[in-house]
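Residue-level listing of the chains:
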Amino acid sequence: MKILVTVKRIPDPDESLKFAAGGLDYSASKWVPNAFDEYAVETALRLAEVVGGTQRLAEVIVLSICPEASRQHVTQFLAMGADRGVIVDADPDKLDTVAVSKLIAAVFKKEACDLLIAGKLSQDNEGSQVAQRVAGILGLPQACFAATIDWDQTGRALNVTREVDDGVETKRVPLPAVVSVDLRIVLPKSVRNGSTPATHAYNEGPRLASLKGITMAKRKPVAVLKPADLGVAATATEQSVGVAAPPKRKAGQKVKTVEELFDKLTKEAKVL
Amino acid sequence: MSTVLVILETAGGKLRSHCLPGITCAAQIAAASGKQLALLVLGADPSSAATAIAAAGYGAAAVHTLAAPTLEPFTAEAWADAIVHAIKLTGATVIGGSASSTLRDALPRAAALLDAPLVSDVVAVKSADTFTRPVSSGRALLDVKVAAPVVFFTARGTEFEPAQGGAAVSVQALAAPQVNNLGVQVKGVQKTESSRPALTEAEVVVSGGRGMREGANFKILEELTDLLGGALGASRAATDAGMVPADLQVGQTGKIVAPELYIAVAVSGAIQHLAGMKGSKVIVAINKDEEAPIFQVADYGLVAKWEDAIPRLIDLIKAKKSAS
Ligand SMILES: Cc1cc2nc3c(=O)[nH]c(=O)nc-3n(C[C@H](O)[C@H](O)[C@H](O)COP(=O)(O)OP(=O)(O)OC[C@H]3O[C@@H](n4cnc5c(N)ncnc54)[C@H](O)[C@@H]3O)c2cc1C
Ligand SMILES: Nc1ncnc2c1ncn2[C@@H]1O[C@H](COP(=O)(O)O)[C@@H](O)[C@H]1O
């Protein structure tokens, strides 16, 4: 089994935004991994490892479309435990989602992978569409917004619960397939691979890199490709032409007592 | 004339109300571009829902139906194929609808099949080809200009008025699509049963955060919610801890709400939470920590423990109700 995990670097969401003409200026930003991609890598590692054993059930490859020189997030995920990396050397901010998805699909095919795990959303551009697009391009089944994954090794399928507007949907997808992960995939018992004891509870959240992992990361192979190597041409179907800060809410007031709050809500805001 | 096609969702032979803002957004795109508006209803047997929808018209020129047994229960695989099929038959060049979990799953896949861009979570239509959408937890609004023969969109439900009924139109059944669900099996949706209004449509939302400490303590928030005829919401910390079901989460990765009144109780106001409720008309925050960031967006902030404040607030509301 080969699992491809897409990982994106994003400008630190805790920094304030810098507005420029026509878009946002990230030139002075600190870059960090997209949180949902940390969850995606954690998911892949939980599927691949057998807790309590030494066997590995899958190879975990992390893929990022990013400038070759800005690969720190890839190294970080190798330190966390991924086996190797693939970088498609391009500035994703100059590509549209159409092209980014095609590049990911092309790598998936080239590597003959069995499973793509993507984040549900990139925290900067919030498209929430790459996984679905890649599944469409590859003609593969998809299970998006996954909250839990149970790998049926004998049936070569994943049983996934997905977070939907009305509740939780259960979907079984035969492999090869595409999954996008939601926040709750990193709760202690969200991922099962059929080999790690079902009673095992993980620590909540993505694991931290160990010292050994950090040392080993430097020795793990990272292939660097160009979009042209994958036969994908840059397209420009979307262009950002303006940006604005959302309207500010006007300053509110502090009330001292519940009575005062009730009074304001009935007489001033007239909402009770 | 080319068409703006809205993908609708139905349940029990009726249009689901969360689709109505998507029609409004599509109508604005149609008006800006001189295109006509059409609606698409798909399912195993969409005819009765389509008849009801066509009777209300919603300003569309036609209501199309696509019927195939594999379209129910919903799968992104089958829906994307069917939507692509409908686009080819109707010649639609702009396709979209409300940003529900259903369309967020199926539309990007359909867009990829047609090599078309998709603009997610549109909050405003600037012109025929330029749409505004929030990015970075709603901290910026980007104007995106799209240039492609076919364009997809999803519309943020809180930012467009629900479409109003108008003149009746006819139902046009399209030839059955070839759909392939690729061997996936859907075992249905485990619904969170609730007699309360839908979170995204409620006039009042009462949300609890980590400071509620445990699920049992949400009882008192439920009492307040029901007194106000509202819906219950929660922060990620509360849903992750299992205090309430995950579909109650408000925020960047949960529901986007914009009620008349939002009451945040023991919620700190992290940026991802604010992204889901900042559009509310009146925001009330009750938190024991006066430094909590939620107070920066609250119209009325009360520094107090919920244990003290909520029972008192309930009493005052009850007293007012029995007096009137
Ligand atoms: C990628 C990503 C996506 C996310 N998406 C979302 C999202 O969609 N929605 C969301 O909500 N979060 C989201 N989060 C999480 C978010 O960053 C915060 O961690 C979360 O919102 C915190 O929840 P909280 O306010 O309930 O808890 P805390 O931040 O722990 O706050 C608890 C509050 O309760 C108060 N309190 C404690 N006891 C009492 C008491 N007795 N009475 C009154 N007040 C009390 C405290 O003063 C504190 O302010 C996301 C995070 C990430 C990384
Ligand atoms: N430049 C990129 N490189 C690698 N993966 C990406 C890139 N952009 C998006 N992705 C993946 O697609 C997911 C969803 O992104 P989006 O559709 O942009 O919200 C992310 O969580 C990543 O897993």
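Here the residue numbering is sequential within each chain, running from 1 through the sequence in written order. All chains are assigned letters beginning with A, and all ligands numbers beginning with 1, in the order in which they are written. The model is predicted, so local features are restricted to residues of pLDDT at least 70 and side-chain atom pairs to those at 80 or more, both for listing and for counting; the totals for chains, interfaces and linings are taken over all residues. Each side-chain value is derived from all of the structure's non-hydrogen atoms; neither hydrogens nor water enter the calculation.

## With respect to the site of ligand 1
Going by this rule: We call a residue near a molecule or strand as soon as one heavy atom of that residue lies within 4 Å of the molecule or strand. Distance and chemistry together define a polar contact, namely a pair of N or O atoms within 3.5 Å, with one atom able to donate a hydrogen and the other to accept it when in protein, and with adjacent residues in sequence counting only for side-chain atoms on both sides. Using the Shrake-Rupley algorithm and a 1.4 Å probe, accessible areas are obtained, with residue cover drawn only from the displayed protein chains. Each helix is a run of H or I in the DSSP string that is no shorter than four residues. Each strand is a run of E no shorter than two, and both are numbered from the N terminus. The residue classification treats Ala, Val, Leu, Ile, Met, Phe, Trp, Tyr, Cys and Pro as nonpolar and Asp, Glu, Lys and Arg as charged. All others, Gly included, are polar.
The environment of ligand 1 is made up of 30 residues, and the closest members are R210(B), S235(B), T253(B), S268(B) and N287(B). Positioned at a junction of chains, ligand 1 has nearby residues supplied by chains A and B. Within the contact set of ligand 1, a nitrogen atom lies 3.0 Å away from a backbone nitrogen or oxygen of W306(B). Between E307(B) and ligand 1, the recorded distance is 2.9 Å, taken from a side-chain N or O atom to a nitrogen atom. Out of a free accessible area of 980 Å², ligand 1 has 84% covered by protein chains. Contributions of two or more residues to the shell around ligand 1 are made by α1 (35–48) of chain A together with α6 (236–240), α7 (271–274) and α8 (306–323) of chain B. Of the residues belonging to the shell around ligand 1, the class tally is 10 nonpolar, 13 polar and seven charged.

## Concerning the pairing of strand β9 (residues 142–152) of chain A
Residue and element names in this part refer to chain A. Quick note on the threshold: In this scheme, a residue with accessible area under 20% of its type's maximum is buried, one over 50% is exposed, and one in between is partly exposed, where area comes from a 1.4 Å probe on protein chains only. When DSSP finds two or more bridges between two strands, those strands count as paired.
Along β9, eight of the 11 residues are buried, which leaves the element largely enclosed by surrounding structure. Relative to strand β10 (residues 157–164), β9 runs antiparallel, the two being bridged by six bridges. Paired with D152 across the two strands is A157, which belongs to β10. Taken together, β9 and the strand that follows it, β10, pair antiparallel across an intervening segment of four residues, in which R156 is found at a positive phi of about 45 degrees. Alignment of β9 against strand β13 (residues 191–192), held across two bridges, turns out to be parallel. For I149, the partnering residue across the bridge sits in β13 and is V191.

## Structural notes on the nonpolar core
Defined as follows: Only buried residues count toward a nonpolar core, which is a set of Ala, Val, Leu, Ile, Met, Phe, Trp, Tyr and Cys residues joined through side-chain atoms within 4.5 Å.
If you look at the biggest cluster of nonpolar residues, it comprises 44 residues, and the most contacted ones within it are V5(A), V62(A) and L158(A). If you list the elements that add at least two residues to this core, you get β1 (2–6), α1, β6 (59–66), α2 (72–80), β8 (115–119), β9, β10 and β12 (177–181) of chain A. In this structure, L20(B), V94(B), V119(B) and L142(B) belong to the second largest nonpolar core, which totals 40 residues.

## Quick notes on the packing of aromatic side chains
So the rule is basically this: Centres within 6.5 Å are what make two rings of Phe, Tyr or Trp a pair, Trp counting through its six-membered ring; a difference in plane orientation under 30 degrees is then read as stacked, over 60 as edge-to-face, and the rest as tilted. Any Lys NZ or Arg CZ that is within 6 Å of a ring centre and within 35 degrees of that ring's normal is treated as a charge sitting over the ring.
The full count for this structure, using the stated rule, is three aromatic pairs over all chains. Both rings, one in F36(A) and one in Y39(A), keep their centres 5.9 Å apart while their planes meet at 70 degrees; by these two values the pair is edge-to-face. Placement of the pair is F36(A) and Y39(A) together in helix α1, with a separation of three residues, close to one helical turn. In this structure F36(A) comes out as buried when scored by relative accessible area, which is 3%. Take Y39(A): its relative accessible area is 9%, and that puts it in the buried class. Considering the side-chain rings of F74(B) and W79(B), the 5.1 Å spacing of their centres and the 80 degrees angle between planes classify their relative orientation as edge-to-face. Each member of the pair, F74(B) as well as W79(B), carries the same accessibility label: buried. The ring centre of F295(B) lies 4.6 Å from the NZ or CZ of K254(A), which sits over that ring.

## Things to note about helix α1 (residues 20–33) of chain B
All names here are of chain B. Note the cut-off: The length a helix should cover is 1.5 Å for every residue beyond the first.
The first and last C-alpha atoms of α1 sit 20 Å apart over 14 residues, in line with the 20 Å expected at 1.5 Å per residue. Those residues of α1 not exposed but buried are L20, P21, G22, I23, T24, C25, A26, I29 and A30. Where α1 ends, the next residue or the one after it, G34, has phi of about 65 degrees, a positive value.

## Brief notes about unusual backbone geometry
Here the bond from L175(A) into P176(A) is cis, since omega is 0 degrees, no more than 30 degrees from zero. Within the secondary structure layout, P176(A) lies in the loop between β11 (167–174) and β12. Cis peptide bonds are those with omega within 30 degrees of zero, and the linkage from E72(B) to P73(B) qualifies with -5 degrees. Among the secondary structure elements, P73(B) is positioned in the loop between β5 (62–67) and α3 (76–90). Its identity as a non-glycine residue notwithstanding, A112(A) has a phi of 50 degrees, on the positive side. Relative to the helices and strands, A112(A) is located in the loop between α3 (97–110) and β8. Exposure remark for A112(A): the relative accessible area of 55% places this residue in the exposed category. Positioned with a positive phi, K270(A) is a non-glycine residue whose angle comes to about 55 degrees. For K270(A), the location among the structural elements is in the segment after α6 (258–268).

## Quick look at the side chain of S190(A)
Residues and elements named next belong to chain A. Inclusion rule: Residues count as neighbours in contact if any of their non-hydrogen atoms are within 4.5 Å of one another.
Its place among the elements puts S190 in the loop between β12 and β13. For S190, the side chain forms a polar contact with the main-chain oxygen of R184, separated by 2.7 Å. Residues in contact with S190, not counting those within four places in the same chain, are R46, A147, T148, I149, R184 and I185.

## A few points about the sheet that holds strand β11 (residues 151–155) of chain B
All names here are of chain B. Applicable threshold: In this description, a line fitted to the C-alpha atoms serves as the axis of each element, helices being fitted only across the stretch in contact, and the angle between N-to-C directions of two axes falls anywhere from 0 to 180 degrees.
Read from one edge of the open sheet, seven strands run β7-β11-β6-β1-β4-β5-β12, paired in parallel fashion. Only two strands of the sheet have a single neighbouring strand rather than two, namely β7 (118–122) and β12 (171–173). Direction aside, the axes of adjacent strands within the sheet are offset by 25 degrees on average. Where strand β6 (residues 92–98) and β11 come together, five bridges link them in parallel fashion. Bridge assignment links V94 to a residue of β11, and that residue is V151. The strands touched by α3 are β1 (3–8), β4 (36–43), β5, β6 and β11; relative to β1, the strand with the most contacts, the crossing angle is about 155 degrees.

## Quick look at the site of ligand 2
Residues and elements named next belong to chain A. Keep this limit in mind: Whether a set of points on the 1 Å grid over the protein atoms alone is a cavity depends on a 1.4 Å probe fitting there but being unable to get out, while an open set qualifies as a pocket with protein on both sides within 12 Å along at least five of seven lines; lining residues are those with an atom within 4 Å of a point. Any molecule with more than half of its atoms within 2 Å of a cavity's or pocket's grid points is counted as sitting in it.
Within the structure, ligand 2 sits among 19 residues, and T6, D37, S122, S128 and Q129 are positioned closest to it. V7 places a main-chain nitrogen or oxygen 3.5 Å from a nitrogen atom of ligand 2. Interatomic distance of 3.1 Å between a side-chain N/O atom of N34 and an oxygen atom of ligand 2. For ligand 2, the accessible surface in isolation is 480 Å², of which the surrounding protein chains cover 98%. More than half of the atoms belonging to ligand 2 lie within 2 Å of the grid points that define the second largest pocket. Where the shell around ligand 2 is concerned, the elements lending two or more residues are β6 and β8. It is β6 that provides the largest number of residues to the shell around ligand 2, a total of three residues. A breakdown of the residues in the shell around ligand 2 according to their chemical character gives eight nonpolar, nine polar and two charged.

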